[in-house]
Amino acid sequence: MVSANDVVNVNNRPAQATPTYQQRIDAIHKTKIEHTDLKLKKRGYFDIDDHGYIPWSEPIPFKAKPNHPAGGCHGAKCIGENFRAWLEVHPVYIHPMSALAGAWVGYVPGVGGWRPEDRPQHLRPLHKEYNIIYTGIGGMNHLGPDMKIGLDLGWGGLLKKIRYYRELNVPAKTSQTSQVSETCEVCEVADFYDGEENLVLGVQAWIRNHVVKAREWAAAETDPFVRDNLLTIADMNEWLVENPPRTLREACQFLAWFQSIDRMWAAGGGLGQLDELLRPFYEADRAKRVPQSLPGADDVSPYTASGSLDEFDEEVVWYIASLLFNDTHYSQIGGPTPDGNRDLTSRMSFLILEAVHRLRIPANLAVRVHDKLNPALLRKAIEYLFMDGTGASYSCSGGLDKGYAHNGVPIQLARMRAKVGCNWTALPGIEYCLQDVTRMCMVSPFLHAIDDVTKNLPAAGEAPAELLEALWQRYIHHLGTAVDIIKQGFAWHMDHHAHNSTEIVLNLFCHGPIERGLDVVAGGVDIYHLTCDGVGLPTVADSFAAIEQRVVKEKRLTWEALAGHLADDYAGPEGEKVRLMLQSIPRYGTGNSRADWWAKRVSETFTHLVRSTPTSNGFTVIPGLFSHGIVGMLGKQLGATPNGRHAGAPIAHSADPDPGFMPGGGSSPTAKSNAVASVQPGWGNSAPLQIDFDKHLAVEYGGIEAVEAMIKAHNAQGGTLVNINVISKQQILEAHADPNKYPDLVVRVTGYSAFFKTLSPEYRQQVVDRILAEN
């Protein structure tokens, strides 16, 4: 537990006085900043979404017990036993100003991963040839849990469920006449239940440890508020060891325990439709506490005429802020009902948004935009965007719902998908989608294609236009090869993953795994749609357009000269002239340009190659266009490209036009939005739009109203996700030069947010370049 005295002093409150709810939230914020500084000192920059783990320097008495000659811990039974042992000795953490107990300090050490004999060594050379770094093989988590299962049952109920289905599915004794394969199947199912049971028993032990410590600390505490808070936390968690939550605070505490173990197990991060998960608890608590003000069906805003909250809702914001401090899991507010006739926005939606605003740390919250979204919720989200510089992302039903329904899924089911990841959505508890772990470089196939064409140039007779078509055909060939390599990896993953590194946490919160005794990867759920995200489409589109204009149409450059400049990385003054000439064509995003035409053609081709055929074992793959932050890593392995990009430089980000894509090196939010909408794959996976406004120019652009109109328009165009920063250009430049000048500056990097200072200089440069170019 952090020092209560330190927290009290920071809040500048009189000794023994009860802190206000905002003072408690401010204390949590201060601790988060301190923890972030410690993490940076300990491990350096981290170019991923911010996680809520607590920096811990003391030794933890745990050593994994392997079940493999190579020293690994694999399979459900071994993983469950080790996970339980880890939780039994895991440190206890309670922030005295938090409404909740618990935090995680690291992954389960030495547990999980794949057996050496199961690793796809035969695919490694192909991955290297086509610059495939994120293959999806062995990808963990990245599906959506149904947390209502846990909130309804509690940990004790989950344990009873496991034991009930074990008795149903595992015979007490295997018949001596059973075939060996049947015996092995029974053993695997028994191991599955052993693993899940041990995990739940470990969670219960960890919670009990917090109950004991909370009472110990309360007995020694002199501050009345801290003492009473610790006792309340102890009583609440003593109930939750065996029972489901009864109150909103208990529901938040249950979710905090889930978030902690989910992160411990390979960095899981999906939560769900948070406002709907918590709304029943909120309404029941409010009816008991303030029955005279129970809101009607249409009374969804919690704000008074002066813009304030009442005492009860202030307390609720503190609960939510405590949950957000526990971890930065992804969740969604608002959105359509399955029939599409109503909006899910409630008072809880506003209070969750309020907590994000008050806490001022990275938070991965999305507002689900659709035609009937409560306008006040969207407006409040954008108001806080302008105040805070970042905030919620905007997940767009316009492209997501209809696109996902194209897969043969009822539109009512498609509307139930929630944004529970960086760029992605998933059905809660019934779909295995392996989202956001597979990145296919679209630029490497292009360089293979241009190498094929330029190494076999005819001595005479073949027109440049014919060579352009030959280049396109070779690109299709190599792009198809890369897609096939990805699908080979998916087939291998689906055949081997559950045997190696089970989804032991998320199995508990899905419909089917416990009932069937099958891991979610191995048939535990009913819907399987794997996903593959293409990276670098704008680089390819601009390259095709540059060749078409400068080589084919204008003949200012021969194919031989182009090949030479690419090989030399545009060396020397002449090379730089050529580079600038190629770069200065009308680029993707300018509107009705040849580069825009090529972008659509590349997107449609990639989409067809990915979606038209399943993997060899029958799994559908859905295409998207998303890079996360891998553009620099991919670019380092690639030579120069005909769009003027130098060898080793980053490739294009997601589906966004390159910074400075408009004539004169500027940008246009509307043009950018139109471009990204035009290349959506259209199957329910995302191709996000990233917009970075200078705070002053955002006002000139039209302020809150203009940004609101842009989000609505992108949704209407079939967009899937909008990520926005509104930051002063001067502030971002100063923060880049000296990150400590703005220690709590939060930016939306892509679909996730992070403290700017935690990003590496290379990663920060991507954000800076976007803001400078767009403003």
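Residues numbered from 1 in each chain as written. Predicted model: local features only at pLDDT ≥ 70, side-chain atom pairs only at ≥ 80, totals over all residues. Heavy atoms only, no water.

## Quick word on the overall build of the chain
A count of helical and extended segments in the chain gives 27 helices and 14 strands. Rg of the C-alpha trace for the chain: 27 Å, near the compact-globule value of 28 Å for 775 residues, within the 12% margin. Projected onto the principal axes, the alpha-carbon positions of the chain cover approximately 90 × 75 × 50 Å. Working note: accessible area of the chain is about 28,100 Å², and carbon and sulfur atoms make up 53% of it. Taking the 72 positively charged and 88 negatively charged side chains of the chain as two groups, their mean positions are separated by 1 Å. (Helix = DSSP H or I, 4+ residues; strand = E, 2+ residues; numbered from the N terminus. Rg over C-alpha atoms; globule rule 2.2 N^0.38 Å. Areas by Shrake-Rupley, 256 points an atom, 1.4 Å probe, with all protein chains shown as cover. Lys, Arg positive; Asp, Glu negative; His and termini not counted. Charge placed at Lys NZ, Arg CZ, Asp CG, Glu CD.)

## Regarding helix α15 (residues 443-454)
Between its first and last C-alpha, α15 extends 16 Å over 12 residues, near the 16 Å set by a 1.5 Å rise per residue. Buried residues dominate α15, accounting for 9 of its 12 residues. Every buried residue of α15 is accounted for by Val 443, Ser 444, Pro 445, Phe 446, Leu 447, Ala 449, Ile 450, Val 453 and Thr 454. Turning to α15, the residues buried within the fold contact α4 (124-129), β8 (439-441), α16 (464-500), β9 (527-535), α18 (537-553) and α19 (559-567). (Expected span 1.5 Å × (residues − 1). Buried < 20%, exposed > 50% of the residue type's maximum accessible area, 1.4 Å probe, protein only. Contact = heavy atoms within 4.5 Å.)

## A word on the pattern of salt bridges
Under the defined criterion, the tally for this structure stands at 46 salt bridges. Taking the shortest distance from any N to any O, the salt bridge between Lys 148 and Asp 152 comes out at 2.9 Å. Of this pair, Lys 148 and Asp 152 both sit in helix α5 (residues 148-169), 4 residues apart, which is roughly one turn of that helix. Looking at Lys 148, the relative accessible area reads 47%, which means it is partly exposed. (Salt bridge = Lys/Arg side-chain N within 4 Å of Asp/Glu carboxyl O.)

## Quick look at unusual backbone geometry
Unusually for a residue other than glycine, Ala 267 sits at a positive phi of about 65 degrees. Checked against the element boundaries, Ala 267 lands in the loop between α8 (248-264) and β1 (270-273). With a phi angle near 65 degrees, Arg 360 is a residue other than glycine that sits in the positive phi range. With respect to the helices and strands, the residue Arg 360 is situated in the loop between α11 (347-359) and β3 (365-369). Judged by relative accessible area, which is 36%, Arg 360 ranks as partly exposed.

## Let's talk about the packing of aromatic side chains
Applying the stated criterion across every chain yields a total of 25 aromatic pairs. Taking 5.9 Å as the distance between ring centres and 40 degrees as the angle between the ring planes, the aromatic pair formed by Tyr 21 and Trp 318 counts as tilted. Residue Tyr 21 is found in helix α2 (residues 21-43), and its partner Trp 318 is found in helix α10 (residues 311-326); the two are separated by 297 residues along the sequence. Judged on exposure class, the residue Tyr 21 and its partner Trp 318 are both buried. Sitting above the plane of the Trp 683 ring, Arg 611 keeps its charged end 4.3 Å from the centroid. (Phe/Tyr/Trp six-rings, centres within 6.5 Å; stacked < 30°, edge-to-face > 60°. Lys NZ or Arg CZ within 6 Å of the ring centre and 35° of its normal.)

## Description of the pairing of strand β4 (residues 393-396)
Strand residues, when the strand is regular, have side chains that alternate between the two faces of the sheet. Alternating positions in β4 separate into two faces, Ser 393 and Ser 395 on one and Tyr 394 and Cys 396 on the other, with burial throughout. Pairing of β3 with β4, which is carried by 4 bridges, proceeds in the parallel orientation. Looking at β4, one finds that Val 369 is bridged to Cys 396. Considered for its hand, the β-α-β crossover made up of β3, helix α12 (residues 375-388) and β4 is right-handed. Two elements, β4 and strand β12 (residues 721-727), share 2 bridges in a ladder whose sense is antiparallel. Bridging across to β12, Tyr 394 finds its partner in Val 722. (Pairing = 2+ DSSP bridges. Right-handed = clockwise from strand over helix to strand, strands pointing away.)

## Overview of the nonpolar core
With 211 residues, the main nonpolar core has Phe 83, Trp 155, Tyr 394, Tyr 432, Leu 471, Tyr 475 and Ile 724 as its most contacted residues. Those residues in contact with Trp 155 that lie beyond four places of it in its chain are Val 200, Val 203, Gln 204, Ile 207, Leu 240, Val 241, Phe 254, Trp 257, Phe 258, Ile 261, Leu 508 and Phe 509. Counting residues in each nonpolar core, the second largest holds 17 residues, with Tyr 330, Val 747, Tyr 752 and Leu 759 among its members. (Core = buried A, V, L, I, M, F, W, Y, C linked by side-chain atoms within 4.5 Å.)

## Describing the side chain of Lys 419
Along the polypeptide, Lys 419 turns up in strand β5 (residues 418-419). Here Lys 419 occupies a buried position and makes no salt bridge, while the nearest side chain of opposite charge, Asp 436, is found at 8.5 Å. Polar contacts involving the side chain of Lys 419 include one to the main-chain carbonyl oxygen of Gly 421, which spans 2.6 Å. Of the polar contacts made by the side chain of Lys 419, one reaches the backbone oxygen of Cys 422; its length is 3.1 Å. (Polar contact = N/O pair within 3.5 Å; in protein donor to acceptor, adjacent residues only side chain to side chain.)

## Concerning the packing of α16 against α18
Interaxial distance between α16 and α18 falls to 10 Å at its minimum, and their mutual angle equals 165 degrees. Compared by their axis directions, α16 and α18 come out roughly antiparallel. Crossing geometry of α16 relative to α18 is assigned as right-handed. On α18, the residues touching Pro 464, Ala 465, Leu 468, Leu 471, Trp 472 and Tyr 475 of α16 are Val 540, Phe 544, Ile 547, Glu 548 and Val 552. In terms of residue class, the contact of α16 with α18 is made up of 10 nonpolar, no polar and 1 charged. (Axes fitted to C-alpha atoms, helices over the stretch in contact; angles between N-to-C directions. Parallel < 35°, antiparallel > 145°, perpendicular 65-115°, else oblique. Left-handed = near helix turned anticlockwise from the far one by under 90°. Nonpolar A, V, L, I, M, F, W, Y, C, P; charged D, E, K, R; others polar.)

## A look at the sheet that holds β1
Taken in spatial order, the 6 strands line up as β1-β2-β3-β4-β12-β11 in an open sheet, and their pairing is mixed. Of all strands in the sheet, those with a lone pairing partner are β1 and β11 (689-694), marking the two edges. Between one strand and the next, the sheet's axes are offset by a mean angle of 25 degrees, whatever the strand orientation. Here strand β2 (residues 330-333) runs beside β3; their pairing, made up of 3 bridges, is parallel. Within the sheet, the bridge partner assigned to Ile 333 lies in β3 and is Val 367.

## Regarding a nonpolar patch on the surface
On the surface, Ile 133, Tyr 134 and Met 633 cluster together into a nonpolar patch covering about 250 Å² of accessible area. The topology assignment puts Met 633 in helix α22 (residues 631-636). (Patch = residues over 30% accessible without salt bridge, like charges linked within 9 Å, V, L, I, M, F, W, Y side chains within 5 Å.)

## Details of the confidence of the model for the chain
With 95% of its residues at a pLDDT of 70 or more, the chain has an overall mean of 93. Under a pLDDT of 50 for its full length, residues 2-13 has, in the predicted model, 25 contacts with residues more than four places off or in other chains. Predicted confidence is poor over residues 174-182, with pLDDT under 50, and the contacts of this stretch with residues over four places away or in other chains come to 3 contacts. (pLDDT = per-residue confidence, 0-100.)

## Quick notes on the environment of Asn 617
Within the secondary structure layout, Asn 617 lies in the loop between α21 (594-611) and β10 (620-625). Distance from Asn 617 to Val 521, taken between C-alpha atoms, is 13 Å for residues 96 residues apart in sequence. Contacts of Asn 617, omitting those with residues within four sequence positions, involve Ala 491, Met 494 and Asp 495. Only 3.2 Å separates the side chain of Asn 617 from the backbone oxygen of Ala 491, close enough to count as a polar contact. Here Asp 495 takes part through its side chain, which lies 3.1 Å from a polar atom of the side chain of Asn 617.

## Quick look at the environment of Trp 472
As for its placement among the helices and strands, Trp 472 is situated in helix α16. A C-alpha to C-alpha distance of 59 Å links Trp 472 and Ser 98, two positions 374 residues apart in sequence. With sequence-adjacent residues up to four places away left out, Trp 472 is seen in contact with Phe 544, Trp 598, Arg 601, Val 602 and Thr 605.

## Considerations on the side chain of Arg 358
Along the chain, the position of Arg 358 falls in helix α11. A polar contact is formed between the side chain of Arg 358 and the side chain of Gln 22, at a distance of 3.1 Å. Reaching out from Arg 358, the side chain makes a polar contact with the side chain of Glu 354 at a distance of 2.8 Å. Those residues in contact with Arg 358, other than ones at most four positions away along the chain, are Gln 22, Ile 25, Leu 309, Glu 314 and Val 317.

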